[in-house]
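Chain residues, written in single-letter form:
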Amino acid sequence: MGQGDKMFRGAAWNAFGSISIQAVQFILGIILARILGPKVYGALTILVIFTTISQVFIDSGFTKALIQKKNRSEDDVSTVFLFNIAIAVVCYIVIWFIAPFVAAFYDNSALTLLLRVLSLSLFLNALFTVPTTLYTIDLNFKVITKINFISALISGTVAVIMAASGFGVWSLVWQALLKGLLTTLLMWYWLRWKPNLVFSKKSFKEMFSFGSKLLISSLLGTFTTQMNALLIGKYISQKDLGLYQQGMQFTNVVFNLVTSALNGVLLPGLSPLQDQREKLVFQTKKIIKSSAIVVVPIFLGLATMAEPIIRISIGEQWLLSIPIMQAFCIGRMITIISGINVNLLYVLGRTDLVLKQQYVSIAIKIALLLAALPFGIVYIALAEVVATSIHFFINTYYPGKLMNFGALQQLKDLRKVVFAGIVMVVPLILINLWIPYDWLRLVLAGIIAPVLYYFMVRTLNISELLELQKKAQSFLKKS
C-alpha cells in the first residue's frame, strides 16, 4: 500500500470515528443546551479556559516530537509519558491555588469548587495521551474510534440524566471527568502497553528542541483563542459568552471532525516524505484540494442555513448565536486549509518558523479582538473571520518560500472548488427567502445543495473528486 493510500485509510477511519463521535456529542449536546441554557454554558466555558491551557503544557509538543522522530525508542516513549504526568501534577496544583481568584474575577463563588473538580481531568488526559500517540504513529485509528465513541456515548448520556435531574453545570463537569476516565481505562486495556518508567535526559533533550518551540506556539495560539471567552465572560456577560460559545460549537462539530481526521494523519503520514520535497508538495496539494472539496460546501451550506438549524435544534433562546455561527463557518473553512500549511512545517521539523508565524498572527488577532470588544459578540466573531483570513497568508508564507507553494498558488488551485460552492449557495438563499417553514427549508437544502454541488464539481472537471470516490470505494470494500 502506497503512502498516499495508507494516509487516506487512516484519514478515513479517523473521519469515520469523528463523524460517529461528533454525531453522538451533537445530539446529546442539543439536549443539554435545551435543558441548561446559555448562562450555564457560559460558566463552563470559563472553566474550560484553564483546563485547555493546562493541557497544552501537559503535551508540551512532545507527542508531536515523538511522532516526527524517525528512530524513536522505548525510552523516548516512556520519557514523554512520565513528563506528561509530572506536568499534570504541577498544573493541577497551580489551578487549585488560583481557583478562588478566578471566581472573584468573574464574581461567581461557585467557580472555585467547579474548577478544582473539573481540573482532575488533567490527570486522566495525561494517562491516555501517549497510548493515543502510539496508535496515531501506526495510523491505527480504528481502535481510537471505538474508544472515543464508547466514552462519548456513556459520558454524554450520564450528563443528560444529571441535567434533567437539576444538577446544572455539574452535569457538564462530570461529563468531562467520566469521558476522561473511560478513555483512559479503555485505551490501556486495548493497547496492553507498559512503560518502562525510564526518564531519559538524552531523549528529553532531543525532543525538546522540536517540542519546546511547538509548546510556545501552541500555548500562544491557545491563549489567544481562549482570550475571546476570557474577555466576553468578564466584560460583557456569561450569558453572551454562552451564546458565543454555542454559535462557535455548531461550526466546531464539522471543524473538529475534519481537523482531527487531517491532523491525525498529516504528520505521521507525511513525515516519511520530509526529505523528498517534490513528493511532499505533490501530496500536500492533493490533500488541500481534497479537503476543500469536502469542507467548502459543508461550511457554506451551514452558514446559509444557520437560522433554521439553530431554531429547530436548540430553540428560540439561542437565536442570537446565529450570526456567530455564520461568521465561524467562514473562519473555520479558511482555518482548515491554513492549518495544513502549519502541519507541512511540522513535517519539515521547522517549528521555529511556526513560532515566528504565530507571533505575527497573535498580534493581529489581539488587536482585532480589542477593537471589536466594545461592540459586542457579533463584532468579535467578525473580527475572528478577518484575523483568520490574514492568518492564511501568514501561514502560507514559509511554504511558499521554502517549497514554492505559497498563498497565490494554493488559491489558484482552489478557485474552481470555491466557485462551485458559491453556485450551490444561491438556491439556498432563495429557499430561505421564499419558504416559511424551517423543516421544509432544511429538507429542500439537503436535496438541492449536494446534487448541485456535485454537478458543478463534475462540470468543472475537478479531478480530486473522482480520486476521493475511488479511494472511498476501496476503503469500504476492505473495511
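Residues numbered from 1 in each chain as written. Predicted model: local features only at pLDDT ≥ 70, side-chain atom pairs only at ≥ 80, totals over all residues. Heavy atoms only, no water.

Got a minute to help me understand the overall build of the protein in this structure?
Broken down by element type, the protein carries 19 helices and zero strands. Across the protein, contacts joining residues at least 24 apart in sequence account for 83% of those joining residues at least 6 apart. Carbon and sulfur atoms make up 68% of the accessible area of the protein, which totals about 21,200 Å². (Helix = DSSP H or I, 4+ residues; strand = E, 2+ residues; numbered from the N terminus. Contact = heavy atoms within 4.5 Å. Areas by Shrake-Rupley, 256 points an atom, 1.4 Å probe, with all protein chains shown as cover.)

I would appreciate a short explanation of the nonpolar core in the present structure.
Side chains of nonpolar character tend, in soluble globular proteins, to be buried together. Ranked by internal contacts, the top residues of the largest apolar core, which has 116 residues, are L32, L47, V173, Y244, F299 and M325. Residues within four places of M325 in sequence aside, it is in contact with G247, F250, T251, L302, A306, I309 and I310. (Core = buried A, V, L, I, M, F, W, Y, C linked by side-chain atoms within 4.5 Å. Buried < 20%, exposed > 50% of the residue type's maximum accessible area, 1.4 Å probe, protein only.)

Mind showing me how you'd approach the environment of S361 here?
Among the structural elements, S361 can be located in helix 14 (residues 351–372). You can call S361 buried: its relative accessible area is 6%. Along the primary structure S361 and F393 are separated by 32 residues, whereas in three dimensions their C-alpha atoms are 10.0 Å apart. Each residue touching S361, except ones within four places of it in the same chain, is listed here: H391, I394 and N395.

Would you take a moment to explain helix 5 (residues 111–118) for this structure?
Counted residue by residue, helix 5 has seven buried out of eight residues, so it is predominantly covered. All of the buried residues along helix 5 are L111, T112, L114, L115, R116, V117 and L118.

How should the packing of helix 6 (residues 121–137) against helix 8 (residues 169–191) be read in this particular structure?
Each packed pair of helices is defined by two parameters, the angle between the axes and the distance between the axes. Relative to each other, helix 6 and helix 8 sit at 35°, their axes nearing to 9 Å. Considering the relative orientation of helix 6 and helix 8, their crossing is left-handed. Each of S121, L124, L127, F128, P131, T132, L134 and Y135 in helix 6 lies in contact with helix 8, whose residues at this interface are L177, G180, L181, T183, T184, M187, W188, W190 and L191. By residue class, the composition of the contact of helix 6 with helix 8 is 12 nonpolar, five polar and no charged. (Axes fitted to C-alpha atoms, helices over the stretch in contact; angles between N-to-C directions. Left-handed = near helix turned anticlockwise from the far one by under 90°. Nonpolar A, V, L, I, M, F, W, Y, C, P; charged D, E, K, R; others polar.)

What's the story with the pattern of salt bridges in this structure? I'm lost.
Any two side chains of opposite charge can pair, on the condition that their charged atoms come close. By the definition in use, this model includes five salt bridges. A salt bridge links E307 to R311, with the nearest nitrogen and oxygen atoms 2.9 Å apart. Residue E307 and its partner R311 are both found in helix 12 (residues 306–313); the two are separated by four residues, about one turn of the helix. K365 is the partner of E384 in a salt bridge, and the nearest nitrogen-oxygen pair spans 3.2 Å. Placement of E384 in helix 15 (residues 377–395) and of K365 in helix 14 is noted, with a sequence separation of 19 residues between them. Residue E384 is classed as buried on the basis of its relative accessible area, which comes to 12%. (Salt bridge = Lys/Arg side-chain N within 4 Å of Asp/Glu carboxyl O.)

Looking at this structure, I do not really get the packing of helix 12 against helix 13 (residues 322–347). What am I missing?
The contact between helix 12 and helix 13 brings their axes to 9 Å, and the two run at 130°. With respect to helix 13, the element helix 12 is oriented oblique. Crossing of helix 12 against helix 13: the hand is right-handed. Mapping the contact onto sequence places A306, E307, I309 and I310 in helix 12 and I322, M325 and Q326 in helix 13. Split into classes, the residues belonging to the contact of helix 12 with helix 13 amount to five nonpolar, one polar and one charged. (Parallel < 35°, antiparallel > 145°, perpendicular 65-115°, else oblique.)

Would you take a moment to explain unusual backbone geometry for this structure?
The phi angle of most residues is negative, glycine excepted, and most peptide bonds adopt the trans form. One non-glycine residue, D107, adopts positive backbone phi at about 55°. Here D107 lies in the loop between helix 4 (74–105) and helix 5. We classify D107 as exposed; its relative accessible area is 72%. The phi dihedral of N461 is positive, around 60°, even though this residue is not glycine. Here N461 is to be found in the loop between helix 18 (438–459) and helix 19 (463–478). On the basis of relative accessibility, which here comes to 60%, the residue N461 falls in the exposed class.

In this structure, what is going on with the packing of aromatic side chains? I would like to understand it.
Aromatic ring pairs are described here by two measures, namely the spacing of the ring centres and the angle between the planes. Under the criterion given, the structure shown has 12 aromatic pairs. Members of the aromatic cluster, each reached through a chain of ring pairs, are F83, F199 and F204. When the ring centre of W96 is taken as reference, the NZ or CZ atom of R116 above it lies at 4.0 Å. Above the plane of the ring of F255 lies R332, whose end atom (NZ or CZ) is 4.7 Å from the centre. (Phe/Tyr/Trp six-rings, centres within 6.5 Å; stacked < 30°, edge-to-face > 60°. Lys NZ or Arg CZ within 6 Å of the ring centre and 35° of its normal.)

Any chance you could explain the side chain of Q238 here in plain terms?
Along the polypeptide, Q238 turns up in helix 10 (residues 238–270). Filtering out sequence-adjacent residues up to four positions away, Q238 remains in contact with P38, K39, G42, A43, I46, Y106, N108 and G233.

I would appreciate a short explanation of a nonpolar patch on the surface in the present structure.
A cluster of nonpolar side chains, contributed by V89, V90, I93, V94, W96, F97, I98 and F101, occupies part of the molecular surface with about 760 Å² of accessible area. Within the secondary structure, V89 sits in helix 4. Assessed through its relative accessible area of 35%, V89 is described here as partly exposed. (Patch = residues over 30% accessible without salt bridge, like charges linked within 9 Å, V, L, I, M, F, W, Y side chains within 5 Å.)

How should I be thinking about the confidence of the model for the protein in this particular structure?
Detail in the predicted coordinates should be disregarded across regions flagged by low pLDDT. Confidence in the prediction for the protein averages 83 pLDDT; 88% of positions are at 70 or higher. When mean pLDDT is compared element by element in the protein, helix 18 scores highest at 94, while helix 19 scores lowest at 65. (pLDDT = per-residue confidence, 0-100.)

Would you take a moment to explain the environment of F282 for this structure?
As for its position among the elements, F282 is in helix 11 (residues 277–304). Accessibility expressed as a relative area gives 48% for F282, which makes it partly exposed.

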